[in-house]
Amino acid sequence: VNGRACTDGTPQLVNEAQAHADETLALVEAQNALVVPLLSGERVIGTIDVVDRAGGFPAEHAELLSLFAAQAANAITNARAYQKARELDRMKSEFVAVVSHEVRTPLTSIKGSLELLTDPKYFELPPQSRELLEICETNAERLAILINDILDFSKLESSRLSSHFAPLDAAQAIEDALGQVRALAAKASIEITVEIDPAGPAVVADVKRIGQVLTNLLSNAIKFSAPGQPVVVRVSPGEDRGLLISVTDRGQGIAAADVPKLFQKFRQLDSSATRRVGGTGLGLVISKGIVEEHGGRIWVESELGRGSTFTFWLPERAACLDSPPPAADYEADELFISSGGAGRPIKRA
């Protein structure tokens, strides 16, 4: 019966004698059945079998179930297309990760060699040669940052980036982030002040990744601030026993129309300042992904000519610690429904 429905592409009404003679329907001891094909275009992708209705199935039931089958076929087709797109995206992320790892290995050797060459304890170089090597060292460091950002982004797309959770010491996390950007701030003559509200709650988070978010926000604040302008980091209690952390600068600010672009991957604002400071366009995307993995959120308040404040909120306990494991992929080609309660569902791969 299922074979006829698939071959003809039309509903099949089955009486008791036909049901007993059908091997598939006999498995569920069906007395009668209505078999409707799931059509995706001109292709049959499965069937819906409804069995055991007292008095059999009238023709109007076939029409009603055909409408349902059409909707179900569309849903299944869309789900398969989505699954295929996810698989392609996963393969892309894995490819990017592998290539990035392969590039990072020789880059580490290049950076080490450049550090030795520019160390006056080992080599005395004329000023012009030293200047050229320092340019190489700077660009090697920029390439290393780019590779790390791409690796983090690929992890963020294919799995969770945050994995090591512990009580967050906000003051220590900020101090560690300041250590990463202190040289950049000194070069720009920018003073960074920290204001911590002692009433701030204790939250559980991936300390390393939250430090990465702080480093990204502080680095951007410094890059887009005029020399001598202050940058302020604030920590305060947030809603729902959460924690608010913000980074405020007095830089050029961001136009309201450009704010939605900030958290898009590989997207940078089209301005001379952005092109001048460079970057991968992934820092804010990665920061947003990390914060959202924790069940938090990140946003910006900005005004042209007056600066920007980037704020993120973290819940008391990271949401991903309580999230269930991903459900296994399940693909059913046939569905048996008993109107009398005696039937049972059967899945066929």
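Residues numbered from 1 in each chain as written. Predicted model: local features only at pLDDT ≥ 70, side-chain atom pairs only at ≥ 80, totals over all residues. Heavy atoms only, no water.

In terms of regular secondary structure, the chain is built from nine helices and eleven strands. Going through the 349 residues of the chain one by one, you find that 38% of them count as buried. Partitioning the contacts of the chain with sequence separation of at least 6, the portion at a separation of at least 24 is 64%. Surface exposure of the chain reaches about 20200 Å², of which carbon and sulfur atoms provide 55%. (Helix = DSSP H or I, 4+ residues; strand = E, 2+ residues; numbered from the N terminus. Buried < 20%, exposed > 50% of the residue type's maximum accessible area, 1.4 Å probe, protein only. Contact = heavy atoms within 4.5 Å. Areas by Shrake-Rupley, 256 points an atom, 1.4 Å probe, with all protein chains shown as cover.)

In this section: the sheet that holds strand E10 (residues 307–314). Pairing in this open sheet of five strands is mixed, and the strands run E5-E7-E8-E10-E9 from one edge to the other. Edge strands, defined here as strands with exactly one partner in the open sheet, are strand E5 (192–196) and strand E9 (297–303). On average, each strand axis in the sheet is inclined to that of its neighbour by 15°, with strand direction left out of account. Sheet strands touched by helix H6 (residues 170–187): E5, strand E7 (231–237) and strand E8 (243–249). Its angle to E5, the strand with the most contacts, is close to 170°. Relative to E9, helix H9 (residues 283–293) is tilted by about 135°, and along the sheet it contacts E9 and E10. (Pairing = 2+ DSSP bridges. Axes fitted to C-alpha atoms, helices over the stretch in contact; angles between N-to-C directions.)

Glancing now at the nonpolar core. In this structure, Ile192, Leu218 and Phe312 are the most contacted members of the largest nonpolar core, which totals 42 residues. Secondary-structure elements contributing two or more residues to this core are helix H5 (127–158), H6, helix H7 (207–223), E7, E8, H9, E9 and E10. Other than its neighbours up to four places away in sequence, Ile192 contacts Leu178, Val181, Ala185, Leu218, Ile222, Val231 and Val233. (Core = buried A, V, L, I, M, F, W, Y, C linked by side-chain atoms within 4.5 Å.)

Once that is clear, we can look at the side chain of Asp249. The residue Asp249 is located in strand E8 in this model. Here Asp249 occupies a buried position and makes no salt bridge, while the nearest side chain of opposite charge, Arg250, is found at 8.4 Å. Here Gly251 takes part through its backbone nitrogen, which lies 2.8 Å from a polar atom of the side chain of Asp249. Apart from residues lying up to four places away in sequence, Asp249 is in contact with Ala221, Ser225, Pro230, Val231, Arg306, Gly307 and Ser308. (Lys, Arg positive; Asp, Glu negative; His and termini not counted. Salt bridge = Lys/Arg side-chain N within 4 Å of Asp/Glu carboxyl O. Polar contact = N/O pair within 3.5 Å; in protein donor to acceptor, adjacent residues only side chain to side chain.)

In this section: helix H4 (residues 59–117). Taking 1.5 Å as the rise per residue, H4 with 59 residues should run 87 Å; its terminal C-alpha atoms sit 86 Å apart, in good agreement. Looking at H4, one finds that the buried residues are Ala62, Leu65, Ala69, Ala72, Ala73, Ser93, Ala97, Ser100, Leu107 and Leu114. (Expected span 1.5 Å × (residues − 1).)

This part takes up unusual backbone geometry. Here Ser189, not a glycine, exhibits a phi torsion of approximately 55°, which is positive. Relative to the assigned elements, Ser189 resides in the loop between H6 and E5. Backbone geometry at Arg241 places phi at a positive 60°, although glycine is not the residue there. Topologically, Arg241 is positioned in the loop between E7 and E8. Note on Arg241: relative accessible area 59%, which makes it exposed.

What follows deals with the pairing of E9. The pairing of E9 with E10 spans seven bridges and is antiparallel. Its bridge partner lying in E10, Glu303 is registered against Gly307. What sits between E9 and E10 in their antiparallel hairpin is a turn of three residues, with Gly305 showing a positive phi close to 80°.

Residues shown with low pLDDT carry predicted positions that ought not to be read at fine detail. Across the chain, pLDDT averages 81, with 83% of residues at or above 70. Taken as a whole, residues 325–349 scores under 50 in pLDDT and shows 46 contacts with residues more than four places along the chain or in a different chain. (pLDDT = per-residue confidence, 0-100.)

Here we come to the pattern of salt bridges. One side chain can pair with another of opposite charge once the charged atoms of both are near each other. This model, assessed by the stated rule, comprises eight salt bridges. One salt bridge connects Arg182 with Glu175, and the closest N-O pair in it is separated by 3.2 Å. Where Glu292 meets Lys288, a salt bridge forms, and the shortest distance between an N and an O atom there is 2.8 Å. Taken together, the positions of Glu292 and Lys288, both in helix H9 and four residues apart, correspond to about one turn of that helix. The exposure class assigned to Lys288 is partly exposed, which follows from its relative accessible area of 27%.

Over its 17 residues, H7 extends 24 Å from the first C-alpha to the last, a length consistent with the 24 Å expected when each residue adds 1.5 Å. Counted residue by residue, H7 has 13 buried out of 17 residues, so it is predominantly covered. For H7, the N-terminal cap is Asp206; the gap from its side-chain oxygen to the backbone nitrogen of Lys208 is 3.2 Å.

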